[in-house]
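This is what each chain is made of:
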Amino acid sequence: MNVATCSMLRLQFPIWSFTKPLISTRFNMRLLSVRNCSASSISTTTTEPTKSKKNEPWLIVGLGNPGKKYAATRHNVGFEMVDAIAEAEGISMSSVSFKALFGKGFIGNVPVLLAKPQTFMNLSGESVGAIVSYYKIPLKQVIVIFDDLDLPFAKLRLLPKGGHGGHNGMKSVINHLKGNSGFPRLRIGIGRPPGKMDPISFVLRQFTKQEREELNFTLQHGLEAVRIILLEGFDKGATFVNTAKKIEQIG
């Protein structure tokens, strides 16, 4: 296949629009070159083809329920983590795509897609599966963020893969990824319900003032972890998260 033919084929694919135009253009051209051209054609557009994977996007998904009724509840901490990332990195989440509030941008030089599925928690996989399929994102570059009853409140845990742990949102995600659970997940602890309180009622409770202060610290810690994962690698991010001290031990 010659370069002219390759150029014609590029026009058949959508151009990605991220928030940094100069980097976006370079990223778009490299992505389309990898998908449509032979190795010899690619060599005419970049001198470092072995680094092209670094320019492939990451998908960061927060799980939760849409609507004011569920805002700021324990079950929606995944949404809150994505909002924290979007605000810190200047990424707009105003568009709706793939049944999700959706944003495109960069963390450093790494392109990222942010998503908050609007399907309600138990159907989250409908959104996540569609995004992964459309953009052909490797599962190792999909981070799903969700609440966890089995972790102490405001504790983070980052793992490269695993099961759903009884979480209905994660069940749906795994099902819509054809049963594949080999993607990173960032769990945010919300603690166990007090006494004999129904877990369903507990996860839909909002936070006390003290809990909110501690959670805000945790969200900032999670934001830094995501930056480390994308810019320095998953292992460094996992070390940062999984050896983190509790808020009362700091300062």
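Residues numbered from 1 in each chain as written. Predicted model: local features only at pLDDT ≥ 70, side-chain atom pairs only at ≥ 80, totals over all residues. Heavy atoms only, no water.

Got a sec to walk through the side chain of Asn65? Specific residues and values, please.
Examined against the element boundaries, Asn65 turns out to sit in the loop between β1 (58-62) and α4 (77-89). A distance of 2.8 Å separates the side chain of Asn65 from the backbone nitrogen of Met121, its partner in a polar contact. Excluding residues that lie within four positions of it along the chain, Asn65 makes contacts with Tyr70, His75, Asn76, Phe79, Phe120, Met121 and Leu204. (Helix = DSSP H or I, 4+ residues; strand = E, 2+ residues; numbered from the N terminus. Polar contact = N/O pair within 3.5 Å; in protein donor to acceptor, adjacent residues only side chain to side chain. Contact = heavy atoms within 4.5 Å.)

Run through helix α6 (residues 168-176), naming residues and quoting values.
Listing the buried residues of α6 in full gives Gly169, Met170, Ser172, Val173 and Ile174. Those residues of α6 that are buried lie in contact with α5 (124-135), β5 (142-148) and β7 (185-189). One or two steps after α6, the chain reaches Lys178, where phi turns positive at roughly 60 degrees. (Buried < 20%, exposed > 50% of the residue type's maximum accessible area, 1.4 Å probe, protein only.)

Could you give an account of the packing of α4 against helix α8 (residues 209-232), naming the residues involved and the relevant values?
Put simply, α4 and α8 touch, their axes get as near as 9 Å, and they point 60 degrees apart. Regarding the angle of α4 to α8, the classification is oblique. Judged by the sense of rotation from one axis to the other, the crossing of α4 with α8 is right-handed. Contacts from Val77, Glu80, Met81, Ala84, Ile85, Ala88 and Glu89 of α4 reach α8 at Arg212, Leu215, Leu219, Gly222, Leu223, Val226 and Arg227. By residue class, the composition of the contact of α4 with α8 is 9 nonpolar, 1 polar and 4 charged. (Axes fitted to C-alpha atoms, helices over the stretch in contact; angles between N-to-C directions. Parallel < 35°, antiparallel > 145°, perpendicular 65-115°, else oblique. Left-handed = near helix turned anticlockwise from the far one by under 90°. Nonpolar A, V, L, I, M, F, W, Y, C, P; charged D, E, K, R; others polar.)

With reference to specific residues and values, describe the pattern of salt bridges.
One pass over the full model with this rule turns up 9 salt bridges. The salt bridge involving Lys116 is made with Asp83; its shortest N-O contact spans 2.8 Å. Of the two residues, Lys116 sits in strand β4 (residues 110-117) while Asp83 sits in helix α4, which places them 33 residues apart along the sequence. In this structure, Asp150 engages Arg192 in a salt bridge whose closest nitrogen and oxygen atoms are separated by 3.1 Å. Of this pair, Asp150 sits in the loop between β5 and β6 (156-159) while Arg192 sits in the loop between β7 and α7 (199-203); the two residues are 42 residues apart in sequence, bridging distant segments of the chain. Put simply, Glu89, Glu224 and Arg227 are held in one network by salt bridges that share partners. (Salt bridge = Lys/Arg side-chain N within 4 Å of Asp/Glu carboxyl O.)

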